[in-house]
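# Observations on the three-dimensional arrangement
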Amino acid sequence: MKLGIVGLPNVGKSTLFNSLTKAGAESANYPFCTIDPNVGIVAVPDERIEKLGELYNTKKVTPAVIEFVDIAGLVKGASKGEGLGNQFLANIREVDAIVHVVRCFEDENIIHVEGSVDPARDIETINLELIFSDLEILERRFAKVTKGARMDKALAKEEEMLKGIKEHLEEGKMARTFEVPDDEDLIKAFKEYNLLTAKKTIYAANVAEDDLADDGANNPYVKTVKEIAASEGSGALVICAQIEQELADLDEEEKKEYLEELGVTSSGLDKLVTESYSLLGLISFLTAGEDECRAWTIKKGTKAPQAAGKIHTDFERGFIKAEVVPYEVLIKEGSLAAAKEKGLVGLEGKEYVVKDGDVILFRFNV
């Protein structure tokens, strides 16, 4: 999973990125300090893998990972090359989902490019740049399609859809709220446009430390962000980039203590992972053994052979059966053998739909 972190300059993007990835992206109090997109790989926090590692006395524990891309602060006119412009919009096209960091705190020591804190305006500024960039993509496609639309029914249908998307965007709406016709070819074409505004988005309301304990409930800026997210079916969460930066330097035990002091149960990374998995429809299945215990990320609804293919293509090609036991059952029984004795391990075929937390041993023959 690849997430792109975007936002106006000085909203806390790079601070958040630094704390999530510890990759050390430069964070400074002026626009465009991030010249190249910084990339960091982050382990997905999952205590199930750690417990399986203890159960199996495994040599290696391998969590699932998320790739974060910190993209330089966009400004008004970015789609026309203002600031650092189009190169950053191109970088966003490569991600699976967008984390849009929105400033929801007042601090006279940290300048705001627009001179004041206004989440609705800031979100609109970024979203309009994404819309303008998408309109350019659509114009190019429209020019190609129109030529053949009179002679080709499929192209005529696509031309009609392109007109609809264009009108939708021109009204200031995001492509992710556009209803694509229930037509296989049009659904495929829509995906191939790879529109920025069609990407799943999580709005991260960046608040001051005081607003963290009640999850920004009394912060009017946060309310605005959540309302905008809800209106377009996007995700929203409250983070404090400054606190995340402090947490990044602590070990697990110290982190827990610090979060308890703040009256918070989850770190920003935990919340971001949960929201990302939910928004993108992802789950994790687990494999366990003495050599390695590992988490694998798949789409909800994935069947056993395709899940096996995540490990190795040979596993999918030669799939025979999958031995499946829910994680909670395995931990409760204390071993795979004990779970088998009680008949709690399923032997599943090609139509089995993998569930979150399934511990699976694949049988295959190539």
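You'll find the structure just up there.
Model, not experiment: these values are computed from the prediction. (Residues numbered from 1 in each chain as written. Predicted model: local features only at pLDDT ≥ 70, side-chain atom pairs only at ≥ 80, totals over all residues. Heavy atoms only, no water.)

Another point: the overall build of the protein. When helices and strands are tallied, the protein shows 14 helices and 12 strands. In summary, the protein has a C-alpha radius of gyration of 23 Å against a globular reference of 21 Å for 366 residues, a match within 12%. Projected onto the principal axes, the alpha-carbon positions of the protein cover approximately 65 × 65 × 35 Å. The buried share among the 366 residues of the protein stands at 49%. Put simply, 69% of the contacts in the protein that link residues at least 6 apart link residues at least 24 apart. Surface summary for the protein: the accessible area is close to 18400 Å², and the carbon and sulfur share equals 48%. For the protein, the distance from the average position of its 45 positive side-chain charges to the average position of its 67 negative side-chain charges is 9 Å. (Helix = DSSP H or I, 4+ residues; strand = E, 2+ residues; numbered from the N terminus. Rg over C-alpha atoms; globule rule 2.2 N^0.38 Å. Buried < 20%, exposed > 50% of the residue type's maximum accessible area, 1.4 Å probe, protein only. Contact = heavy atoms within 4.5 Å. Areas by Shrake-Rupley, 256 points an atom, 1.4 Å probe, with all protein chains shown as cover. Lys, Arg positive; Asp, Glu negative; His and termini not counted. Charge placed at Lys NZ, Arg CZ, Asp CG, Glu CD.)

Within the largest apolar cluster, 64 residues are counted, with the highest numbers of intra-cluster contacts made by Leu52, Phe68, Ile92, Met161, Ile165, Phe190 and Tyr193. Contacts of Phe190, omitting those with residues within four sequence positions, involve Met161, Ile165, Ala175, Phe178, Val180, Leu195 and Ala198. Of all hydrophobic cores here, the second largest spans 18 residues; its members include Leu247, Tyr258, Leu262 and Val264. (Core = buried A, V, L, I, M, F, W, Y, C linked by side-chain atoms within 4.5 Å.)

Packed helices, taken two at a time, are described by the angle their axes make and the gap between the axes. Orientation of helix H4 (residues 119-149) relative to helix H5 (residues 153-170), taken along the N-to-C sense of each, is 155 degrees, at an axis distance of 9 Å. Here H4 lies roughly antiparallel to H5, going by the angle between them. Seen from above, H4 lies across H5 with left-handed handedness. For the pair formed by H4 and H5, the contact residues are Ile131, Asp134, Leu135, Leu138, Glu139, Arg141, Phe142, Val145, Thr146, Gly148 and Ala149 on the first element and Leu155, Ala156, Glu158, Glu159, Leu162, Lys163, Ile165, Lys166, Leu169 and Glu170 on the second. (Axes fitted to C-alpha atoms, helices over the stretch in contact; angles between N-to-C directions. Parallel < 35°, antiparallel > 145°, perpendicular 65-115°, else oblique. Left-handed = near helix turned anticlockwise from the far one by under 90°.)

So, on to the side chain of Glu158. Turning to its location among the elements, Glu158 is positioned in helix H5. The class for Glu158 is buried, based on a relative accessible area of 7%. Apart from residues no more than four positions distant in its own chain, Glu158 is found in contact with Arg141, Val145, Leu186, Ala189 and Tyr193.

Another aspect to go through is the layout of surface pockets. Looking at the largest pocket, its volume works out to about 960 Å³. Pro45, Asp46, Glu252, Lys255 and Asp270 are, among the 29 residues lining the largest pocket, the residues nearest its centre. (1 Å grid on protein atoms, 1.4 Å probe; cavity = no way out; pocket = protein on both sides within 12 Å on 5 of 7 lines; lining within 4 Å. Points joined across faces, edges and corners; volume = space filled by probe spheres on them.)

This brings us to the pairing of strand E10 (residues 319-326). Across seven bridges, the pairing between E10 and strand E12 (residues 358-364) is antiparallel. Paired with Glu323 across the strands is Leu361, a residue of E12. Direction of pairing for E10 relative to strand E11 (residues 346-348): antiparallel, over a ladder of three bridges. By the bridge assignment, Val324 is partnered in E11 with Gly346. (Pairing = 2+ DSSP bridges.)

A separate point is helix H2 (residues 47-56). Each full turn of the α-helix corresponds to 3.6 residues, which orients residues three or four apart in the same direction. All of the buried residues along H2 are Arg48, Ile49, Leu52, Gly53 and Tyr56. For H2, the angular spread of buried residues about the axis comes to 140 degrees, placing them on one side. The exposed set on the far side of H2, more than 90 degrees from its buried face, consists of Glu47 and Glu54. Buried residues belonging to H2 abut strand E3 (61-62), strand E8 (282-287), strand E9 (293-299), helix H13 (327-333), helix H14 (336-341) and E12. Just downstream of H2, Asn57 is the residue with a positive phi angle, here 50 degrees. (Arc of directions from axis to C-beta.)

Bringing the pairing of E9 into the picture now. Most of E9 sits out of view: five of its seven residues are buried. Two elements, E3 and E9, share two bridges in a ladder whose sense is parallel. Paired with Thr62 across the bridge in E9 is Arg294. Where E8 and E9 come together, six bridges link them in antiparallel fashion. Pairing of Ser284 across the sheet is with Thr297, part of E9. Counted along the chain from E8 to the antiparallel partner E9, the turn is five residues long.

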